[in-house]
Amino acid sequence: MIGVVSYLVFFATTASILAIAVLGLNLQWGNTGLFNGGVVAFFGAGAYGTLILGGMPQGAHLGGFALFYPLALLGGMALAGLMAWIVGLLTLRLRHDYLAIATFGVAVAFENLVRNAEWLAGGAKGVRGFERPLRAMLGDGFLYNLCFLAVVLLALVATYLFLERLVASPFGRLLRAIREDEEAAQSLGKSPAGVRLTAFVTGSVILGLSGGLYGTFYAFVSPQDVLPTLTFQIWAMLIVGGSGNNRGAVFGAFLIWGAWTASGWALSRFAPVEAQLYTGSVQFVLIGAVIVGMLLWRPRGLLPERLVVSQRGKTPLAKQGV
Amino acid sequence: MAEAILSTHALSRSFGPLKAVDAVSLNIPRGSITGLIGPNGAGKSTLFNLLTGALKPDAGTVLLDGRDITGDAPNALFAQGIGRTFQIPRPFARMSVLENAMLAPTGQTGETVVGPFLFRSRMRDQERRIRQKALDVLEFVTLAPLADHPAGKISGGQMKLLELARVLMGDPALILLDEPAAGVNPKLTETLIGRIEELNRQGTTFVIIEHDMDFVMRHCEPVIAMAQGSVVFQGTADEAMANPVLLDAYLGATANA
Ligand SMILES: Nc1ncnc2c1ncn2[C@@H]1O[C@H](COP(=O)(O)OP(=O)(O)OP(=O)(O)O)[C@@H](O)[C@H]1O
Ligand SMILES: [Mg+2]
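Cut-offs used in this document
Residues numbered from 1 in each chain as written. Chains lettered and ligands numbered in written order. Predicted model: local features only at pLDDT ≥ 70, side-chain atom pairs only at ≥ 80, totals over all residues. Heavy atoms only, no water. Helix = DSSP H or I, 4+ residues; strand = E, 2+ residues; numbered from the N terminus. Donors = N, O, S within 2.8 Å, 3.2 Å for Na, K, Ca; no water. Axes fitted to C-alpha atoms, helices over the stretch in contact; angles between N-to-C directions. Parallel < 35°, antiparallel > 145°, perpendicular 65-115°, else oblique. Left-handed = near helix turned anticlockwise from the far one by under 90°. Contact = heavy atoms within 4.5 Å. Nonpolar A, V, L, I, M, F, W, Y, C, P; charged D, E, K, R; others polar. Near = heavy atom within 4 Å. Polar contact = N/O pair within 3.5 Å; in protein donor to acceptor, adjacent residues only side chain to side chain. Areas by Shrake-Rupley, 256 points an atom, 1.4 Å probe, with all protein chains shown as cover. Pairing = 2+ DSSP bridges. Expected span 1.5 Å × (residues − 1). Buried < 20%, exposed > 50% of the residue type's maximum accessible area, 1.4 Å probe, protein only. Buried area = accessible area lost by both parts, 1.4 Å probe. Salt bridge = Lys/Arg side-chain N within 4 Å of Asp/Glu carboxyl O.

### A look at unusual backbone geometry
When glycine is set aside, most residues are seen to have a negative phi, and most peptide bonds are trans.
(1) Moving on: The omega torsion across B:Glu221 and B:Pro222 is -5°, close enough to zero to call that bond cis.
(2) Moving on: Structurally, B:Pro222 is set in the loop between helix H8 (213-219) and strand E9 (223-227).
(3) Moving on: One non-glycine residue, A:Ala66, adopts positive backbone phi at about 55°.

Put into structure tokens, the structure is as follows:
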């Protein structure tokens, strides 16, 4: 019994951390139309940043700097934001497919950097010496995990409320206008370049928060955590849940993570031993099939974007698609 | 002639070998409703794009109130009081009609990431005012009943009206309309021109590209005609009607089109 509960806590923690990342991507893609193909780089910057800033001093790599944990987490987010700002200045003039390729390249470069620059990020062995905050008080067991889940849920709710208010504000209106027709927005006095950069950086800071919490949860991060797989999973969550809808983003995160874990479990339980070597690949094919199916039959996701987000007029809101 | 709100000097823009706008010098008198006519492909829309910063000229200058604005970005020019509509409407399709209109006013407090959190009450006041203004403007262009509809799903004529509504939200001193009546039913066109003349009496200057000569002759003064990238005529509507070169350039080419 306690095993099931503690597994559920573990599951909910991971899913919530991923949900935060999906919310960050939703700001970029769902609201602004920025195709971030390198989600994992900003997630990774948050994770590495947090652990290096918050960890104990190590001989093998940079830091740790033993910062007070909230500062370390903020530092990780800032690092993700800084990276997004630099990448954004260089690439945001690119549209859609080119931006996707450029950001994908950034993610590959990031993975290679942390894998090879041992002095910086510990290379393949990853970042060590991070102690989970309040561990002395809460221990390593179920109690700790429960408290950590509470913190993660708090972060998820705060991110959700922040974004909901943001997209319902004139800023959200501006993002959608730029997503729909940048030139028309510019003819109405808006400056798309600055707005796109702001949205890209803000979304990436949220990705950094997600990465920071992820790193904290495992007290460890290595190049294995910043593979393109994760970018793919986060995109799948957004597409399935409903791009442009924050509730859809969170829902998609839990659903896809549930499907991912369930399929992994089912394969390990029922598939022949020889096939179990390929569990990861089979999961990929399954999730890929889900994405393709969604795009074919329900391209706007399970919870589609709402039409009127900022102010509404007088007419009753009857059935209205976007 | 009245003093010019906008003037160009030897303004040119080519697309490859094609001189779409060729050394155009003209004056838009302040307070006028200037008609811009010419056959298809004459360069009228390209001229609008040069005047509003959507395209950069190869050569020449544009002056607004005597200030050189050549090469300024469209957003800067909108803020300086030049509004324009597009020949082919460009609605923000997955936004409501009301949100399309509410976007336009410049300098909204809530248009930054922090604005909606740090300046909430100021933003709320603004939103209330902007929303009311947008509803009024939509009412005027007869789109109020569609306020909450997706802008991408209204008719082509309604999209033209929405373009006008969005521009009006910015209270520009100079409004460039690219075929505002195309696809709009004649009765509504009359209402539209009525409101344009009303705004004009309050001081707004208009430049209107229009193929309907009857419309131009009745409502526009002065009339500027372009053909093959050049200005071939500037004068009053009466002079335009009496001008054989113009009739040849305009009606001749439209007859061939
Ligand atoms: N972006 C562009 N690239 C290449 N050629 C262009 C471009 N824009 C316009 N042209 C060409 O420039 C010429 C002038 O076009 P423009 O749209 O200004 O004509 P117009 O007077 O507005 O015609 P219409 O009455 O049909 O709208 C045309 O030959 C057109 O094909
Ligand atoms: Mg044209």
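Still more to cover.
### Brief notes about the coordination of the magnesium ion (ligand 2)
(1) Moving on: Coordination of the magnesium ion (ligand 2) by the protein involves B:Ser45 (OG) and B:Gln87 (OE1), with metal-donor separations of 2.0 to 2.1 Å. With B:Ser45 in helix H1 (residues 44-51) and B:Gln87 in the loop between strand E6 (82-84) and helix H3 (97-103), this residue pair connects regions lying 42 residues apart in the sequence.

### Digging into the packing of helix H2 (residues 39-54) of chain A against helix H10 (residues 192-218) of chain A
Residue and element names in this part refer to chain A.
(1) Moving on: Look at H2 against H10: their axes get within 6 Å of each other, and the N-to-C directions meet at 50°. As judged from the angle between their axes, H2 and H10 are oblique. Crossing handedness for the pair H2 and H10: right-handed. For the pair formed by H2 and H10, the contact residues are Val39, Phe42, Phe43, Gly46, Ala47, Thr50 and Leu51 on the first element and Phe200, Ser204, Leu207, Gly208, Ser210, Gly211, Gly212, Tyr214, Gly215 and Thr216 on the second.
(2) Moving on: The residue makeup of the contact of H2 with H10, split by class, is eight nonpolar, nine polar and no charged.

### Points about the packing of H2(A) against helix H3 (residues 69-91) of chain A
All names here are of chain A.
(1) Moving on: Between H2 and H3, the shortest axis-to-axis distance is 7 Å and the interhelical angle comes to 145°. Between H2 and H3 lies a crossing of right-handed hand. For the pair H2 and H3, the contacting residues are Ala41, Phe42, Ala45, Gly46, Gly49, Thr50, Leu53 and Gly54 in the first and Tyr69, Ala72, Leu73, Gly75, Gly76, Leu79, Ala80, Met83 and Ala84 in the second.
(2) Moving on: Among the residues forming the contact of H2 with H3, the class breakdown is 11 nonpolar, six polar and no charged.

### Some points on the site of ligand 1
Residues and elements named next belong to chain B.
(1) Moving on: The local shell around ligand 1 holds 14 residues, among which Asn40, Lys44, Ser45, Thr46 and Gln87 are the closest.
(2) Moving on: Within the side chain of Asn40, an N or O atom sits 2.8 Å from an oxygen atom of ligand 1.
(3) Moving on: Within the side chain of Ser45, a nitrogen or oxygen atom sits 2.8 Å from an oxygen atom of ligand 1.
(4) Moving on: Computed on the free molecule, ligand 1 has an accessible area of 630 Å², of which 62% lies beneath the protein chains in the complex.
(5) Moving on: At the level of elements, strand E2 (18-29) and H1 are the ones that each hand at least two residues to the shell around ligand 1.
(6) Moving on: Tallying contributions element by element places H1 first for the shell around ligand 1, with three residues.

### Things to note about the sheet that holds strand E5 (residues 67-68) of chain B
Each strand in a sheet pairs with another by means of backbone hydrogen bonds, the pair being arranged parallel or else antiparallel.
Residues and elements named next belong to chain B.
(1) Moving on: Within the open sheet, the four strands sit side by side as E2-E1-E4-E5. Their pairing is antiparallel. The sheet is open, and its two edges are formed by E2 and E5, each paired on a single side.
(2) Moving on: Together, strand E1 (4-15), E2 and strand E4 (59-64) form the strand contacts of H1, whose direction differs from that of E1 by roughly 115°.

### A look at the sheet that holds E6(B)
All names here are of chain B.
(1) Moving on: Strand order in the open sheet formed by six strands is E6-E7-E8-E3-E9-E10, with mixed pairing between adjacent strands. Single-partner strands in this sheet number two, and they are E6 and strand E10 (230-235). Going from strand to strand, the sheet's axes swing by 15° on average, the running direction of each strand aside.
(2) Moving on: With three bridges joining them, strand E3 (residues 33-37) and E9 adopt parallel strand pairing. Paired with Ile37 across the bridge in E9 is Ala225.
(3) Moving on: Seen against the sheet, helix H6 (residues 156-168) touches E6 and strand E7 (174-178) and runs at an angle of roughly 170° to E7.

### Digging into H6(B)
All names here are of chain B.
(1) Moving on: With 13 residues, H6 ought to run about 18 Å at 1.5 Å a step, and its terminal C-alpha atoms sit 19 Å apart, in line with that.
(2) Moving on: Across the 13 residues that make up H6, a large majority, 11, are buried.
(3) Moving on: Listed in full, the buried residues belonging to H6 are Gly157, Met159, Lys160, Leu161, Leu162, Glu163, Leu164, Ala165, Arg166, Val167 and Leu168.

### Concerning the interface of chain A and chain B
(1) Moving on: Listed per partner, the contact involves 38 residues of chain A and 40 residues of chain B.
(2) Moving on: Buried surface at the junction of chain A and chain B, both sides included, amounts to about 3,600 Å², of which 59% is carbon and sulfur.
(3) Moving on: Looking only at chain A, the three residues that lose the most surface to chain B are A:Arg165, A:Arg173 and A:Leu188, adding up to 18% of its buried area.
(4) Moving on: Along the contact surface separating chain A from chain B lie seven salt bridges.
(5) Moving on: Residues B:Glu99 and A:Arg176 are paired through a salt bridge, measuring 3.0 Å at the closest nitrogen-oxygen approach.
(6) Moving on: Viewed at the interface, chain B and chain A are joined by 16 residue pairs in polar contact (both at pLDDT 80 or more).
(7) Moving on: Listed by contribution, the elements that provide at least two residues to the side of chain A that touches chain B are helix H7 (142-167), helix H8 (170-180), helix H9 (182-187) and H10 of chain A.
(8) Moving on: No other element matches H8(A), which puts eight residues into the side of chain A that touches chain B.
(9) Moving on: Of the residues in the side of chain A that touches chain B, the class split is 14 nonpolar, 13 polar and 11 charged.

Honestly, it's all geometry; don't read function into it.
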